[in-house]
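# Commentary on secondary and tertiary structure
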Amino acid sequence: MTEIFQKIRSSQTDYSTFGGILYLSDFNTSHPSGNIVQRIVSDMSFDRQCKRNSEIRNEKKGCMTND
């Protein structure tokens, strides 16, 4: 008899990105979407800006990372 095992990977929190803010209306499927897409784009822009700031800060310190 062959047994199949599933490998379950524990979820690790990635603190290097901003996950955004969740609202109760985000879970209400009958609620009009409103500005959800705009909030996602804004959060992604925030992440990109933070990464650029970090890279500039590391360059000024003389640290080079391979991210």
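Throughout what follows, the structure given in this document is the object of discussion. (Residues numbered from 1 in each chain as written. Predicted model: local features only at pLDDT ≥ 70, side-chain atom pairs only at ≥ 80, totals over all residues. Heavy atoms only, no water.)

## Some details on the overall build of the protein chain
Assigned secondary structure in the protein chain consists of one helix and zero strands. Of all 67 residues assigned to the protein chain, the portion counted as buried reaches 4%. (Helix = DSSP H or I, 4+ residues; strand = E, 2+ residues; numbered from the N terminus. Buried < 20%, exposed > 50% of the residue type's maximum accessible area, 1.4 Å probe, protein only.)

## Some words on the side chain of Asp43
Secondary-structure assignment places Asp43 in helix α1 (residues 36–61). Within the buried set, Asp43 has no salt-bridge partner at all; the shortest N-O distance to an opposite charge, 6.2 Å, is to Arg39. With residues up to four places along the chain from it excluded, the contact list for Asp43 reads Phe18, Gly19, Gly20 and Ile21. (Lys, Arg positive; Asp, Glu negative; His and termini not counted. Salt bridge = Lys/Arg side-chain N within 4 Å of Asp/Glu carboxyl O. Contact = heavy atoms within 4.5 Å.)

## With respect to the layout of surface pockets
Gaps between atoms show up when a probe of the same size as a water molecule is rolled over them. Put simply, the largest pocket is a space of about 180 Å³. Looking at the largest pocket, the residues that line it are Gly19, Gly20, Ile21, Leu22, Tyr23, Asp26, Ile36, Arg39, Ile40, Asp43 and Met44. Looking at side-chain class alone, the lining of the largest pocket contains six nonpolar, two polar and three charged residues. (1 Å grid on protein atoms, 1.4 Å probe; cavity = no way out; pocket = protein on both sides within 12 Å on 5 of 7 lines; lining within 4 Å. Points joined across faces, edges and corners; volume = space filled by probe spheres on them. Nonpolar A, V, L, I, M, F, W, Y, C, P; charged D, E, K, R; others polar.)

## Remarks on α1
The terminal C-alpha atoms of α1, which comprises 26 residues, lie 38 Å apart, in line with the 38 Å expected from a rise of 1.5 Å per residue. For α1, the full list of buried residues reads Arg39, Asp43 and Asn58. (Expected span 1.5 Å × (residues − 1).)

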